Amino acid sequence: MNHLRRHGWLLATLAVALSLPQLAALCGQDFYVSFASRLLIWALLASSLNLLVGMGGMVSLGHAAYFGAGAYVVGILSVEAPGWSSALLVWPLAVALSALLAVVIGAVCLRTRGVYFIMITLAFAQMLFYIFTSLTPYGGDDGLSLAKRLTLPGLAMAGDATFYYVVLAIFAACLTALGRLQASRFGRVLAGIKDNEERMESLGYATFRFKLVAYIIAGALAGLAGALMANQNAFVSPNMMSWNESGIALVMVILGGLGSLWGGLAGAAAFLVLEEVLTGFTTHWQIVLGLILLAVVFFAPRGIAGLFAKQP
Amino acid sequence: MSEILLETRALRKRYGGLVATDSVSLAVHRGECHALIGPNGAGKSTLIAQLAGALVPDAGSIHFAGQNITGFSAHRRAALGFARSFQITSLLPNFTVLENLALAVQSVSGSSFRFWRAVNDETELFERAREILRSVGLEDVATRPVGSLGHGEHRQLELALALATRPQLLLLDEPMAGIGPEESERMVALIAGLKGRYTLLLVEHDMDAVFRLADRVSVLLAGRVIATGTAAEIRANGEVRRAYLGEEENA
Ligand SMILES: Nc1ncnc2c1ncn2[C@@H]1O[C@H](COP(=O)(O)OP(=O)(O)O)[C@@H](O)[C@H]1O
Ligand SMILES: [Mg+2]
């Protein structure tokens with residue numbers, strides 16, 4: 001029964017996702033297509049953060065650093081190497097460089113735990129933020145506009161619907177991979193570390209290495225999200241790596257469900273839809289968001305995804 | 001004399017002004033059950049933590065099978081064959097009993113940097129885990145979440161986790177702490193069954209249990225080893241009686 005219900009939700013989600021551009025056209029609201037693209041990109045960012053926070057117990061407040069880094073790889077290359085117009089070249093590069101950044105920052109941050117980890121991840125992200133605000137060749141404070149989207153063979157990427165399907169495919173692939181990871185040996189070890197790191201050490205697990213690998217994967221996926229967002233908005237700015245963005249990603253994770261595979265998507269959808277709806281009524285929409293967040297923490301600690309999951 | 005498996009030389013650890021481990025030189029022979037006794041606060045757990053690699057000594061050295069391992073991390077020592085049960089129960093509370101064991105078995109069954117295949121498909125891990133659960137008498141609660149177990153079962157699971165990593169040396173810190181007489185009896189029988197198969201360093205308070213299980217005994221007092229010998233020698237040792245056993249009899 002539960003099985004059926006879960007599959008029902010999955011099919012419904014998939015059906016809406018696949019037909020979204022047509023639905024938007026029917027409503028005469030083409031704006032929803034780019035909204036949905038942004039939503040999926042945020043969902044990817046939040047899912048990558050959920051790997052860290054929800055699965056690994058590493059609460060980072062600097063995850064937007066990789067989001068911004070991925071975006072700036074796209075932005076800077078559009079200035080320095082305008083000929084490199086293929087997404088097949090630039091996106092993997094954005095992923096690789098974000099991963100590299102995560103190796104360096106992670107190796108330092110993961111020496112600490114708890115509040116110190118929160119603070120040091122935040123510090124690194126803010127450092128990058130200030131570096132990019134002062135990089136005047138690439139727009140500094142004002143950010144950098146991109147002339148056009150990167151290309152993919154056989155696809156008209158300029159079209160919002162086409163781009164949406166590309167983002168959807170990438171998100172689905174990443175979520176599948178994260179699902180496999182969660183149930184794999186690596187995922188179990190990560191969950192064990194979250195539960196009791198000292199015990200895992202004494203069982204013979206080099207916990208630092210596992211945490212670092214998780215941190216790198218999370219950074220790489222966030223970088224991919226950043227690269228997609230740069231293409232979606234045709235714009236990159238230092239704000240993408242500000243602590244505000246890291247905070248939003250964290251709110252999405254908590255809202256959606258810490259450690260749930262679907263938590264990132266559920267949280268991003270809830271957050272962005274709420275923002276969209278509530279800003280229509282009041283400029284103080286964040287007060288309402290705060291109340292909802294409180295309600296989730298107290299009444300649904302497993303988040304929105306937890307409401308749909310089978311009871312343990 | 002038989003071969004020394006684990007040895008400390010002039011090991012020392014301070015907590016501020018308190019010397020918790022005071023030039024401890026201890027030799028545990030391969031295959032023996034070596035008990036470590038001493039009153040509360042004598043520094044037994046502190047010593048175990050240093051042996052396990054969870055706590056860094058201030059001075060002195062630790063040797064395992066002839067190798068200086070003083071600087072080795074806890075997980076490296078585990079790979080060498082150390083296993084530990086904690087005085088204060090330290091399990092994976094959000095996992096089931098079986099999952100706890102499977103994760104322990106996994107650590108000695110090839111690389112865990114595998115990201116795609118589901119652990120639940122690796123039946124060998126779970127079969128081995130069930131075997132160990134049977135050996136400690138926990139098979140009936142295999143699918144229960146650890147959080148829902150009683151204290152006695154927690155102690156058994158502590159021991160089971162230590163056994164699952166195919167160790168040579170078991171560091172058991174008060175495996176019977178806080179459990180009733182009946183469960184204690186079962187635990188003594190369990191540990192007796194481990195004798196000969198593993199080298200055991202056993203911290204224990206219950207003198208009856210110690211004298212039944214131990215081949216040799218070391219007595220720790222205020223961070224110092226004041227005596228080492230066979231159970232009979234320790235029982236006959238005047239200093240030990242005054243410092244420790246006498247105190248037990250009065251209590
Ligand atoms: N983390 C710590 N910080 C300060 N003092 C400690 C710490 N851990 C243990 N101690 C002190 O060190 C001494 C030895 O403690 P412990 O090794 O737990 O003794 P035992 O296991 O023999 O009862 C005690 O006096 C205890 O209060
Ligand atoms: Mg103790």
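See above for the structure.
Criteria and cut-off values
Residues numbered from 1 in each chain as written. Chains lettered and ligands numbered in written order. Predicted model: local features only at pLDDT ≥ 70, side-chain atom pairs only at ≥ 80, totals over all residues. Heavy atoms only, no water. Pairing = 2+ DSSP bridges. Helix = DSSP H or I, 4+ residues; strand = E, 2+ residues; numbered from the N terminus. Donors = N, O, S within 2.8 Å, 3.2 Å for Na, K, Ca; no water. Buried < 20%, exposed > 50% of the residue type's maximum accessible area, 1.4 Å probe, protein only. Core = buried A, V, L, I, M, F, W, Y, C linked by side-chain atoms within 4.5 Å. Domains from an automatic or database assignment. Contact = heavy atoms within 4.5 Å. Patch = residues over 30% accessible without salt bridge, like charges linked within 9 Å, V, L, I, M, F, W, Y side chains within 5 Å. Areas by Shrake-Rupley, 256 points an atom, 1.4 Å probe, with all protein chains shown as cover. Salt bridge = Lys/Arg side-chain N within 4 Å of Asp/Glu carboxyl O.

Engineer: So what's going on with the sheet that holds strand β4 (residues 59-64) of chain B? Residues and values would help.
Structural biologist: All names here are of chain B. A sheet is described by the order of its strands in space; here four strands give the open sequence β2-β1-β4-β5, paired in antiparallel fashion. On the outer flanks of this sheet lie β2 (18-29) and β5 (67-68), each paired with one strand and no other. Two strands pair when backbone bridges link them, and strand β1 (residues 4-15) and β4 are joined in this way by five bridges, in the antiparallel orientation. Following the sheet pairing, leucine 6 is matched in β4 by phenylalanine 64.

Engineer: Give me the coordination of the magnesium ion (ligand 2): which residues, what numbers.
Structural biologist: Residue and element names in this part refer to chain B. Protein ligation of the magnesium ion (ligand 2) involves Ser45 (OG) and Gln87 (OE1), the donor distances falling in the range 2.1 Å. A residue pair is termed long-range when its members are at least 10 positions apart, and serine 45 in helix α1 (residues 44-52) and glutamine 87 in the loop between β6 (82-85) and α3 (97-106) qualify at 42 residues. Among the residues examined, serine 45 registers a relative accessible area of 28% and is labelled partly exposed. Residue glutamine 87 is classed as partly exposed on the basis of its relative accessible area of 28%.

Engineer: I'd like to hear about the nonpolar core, residue by residue, with values.
Structural biologist: Core analysis: the biggest nonpolar cluster contains 144 residues, and A:Trp91, A:Phe271, B:Leu101 and B:Leu170 have the highest contact counts within it. Both domain 1 (1-81 + 169-251) and domain 2 (89-166) of chain B contribute no fewer than three residues apiece to this core. In contact with B:Leu101, other than residues within four places in its own chain, are B:Ala129, B:Ile132, B:Leu133, B:Leu157, B:Ala160, B:Leu161 and B:Ala164. Among the nonpolar cores identified, the runner-up in size contains 22 residues, and B:Val24, B:Leu26, B:Val28 and B:Ile48 belong to it.

Engineer: Describe the pairing of strand β10 (residues 224-230) of chain B, and please don't skip the residues or the numbers.
Structural biologist: Residue and element names in this part refer to chain B. Where strand β9 (residues 216-221) lies against β10, six bridges are found, and the strand directions are antiparallel. Residue pairing for β10: leucine 220 is matched across the bridge by valine 225. The turn joining β9 and β10, which pair antiparallel and follow one another in sequence, is formed by two residues; a positive phi near 50° is taken by alanine 222.

Engineer: Explain a nonpolar patch on the surface to me, using residue names and the numbers behind them.
Structural biologist: Nonpolar side chains collect at one region of the surface, where A:Ile287, A:Val288, A:Leu291, A:Leu294, A:Val297, A:Phe298 and A:Phe299 lie side by side and expose about 770 Å² of accessible area between them. By relative accessible area, which is 73% here, A:Phe299 ends up exposed.

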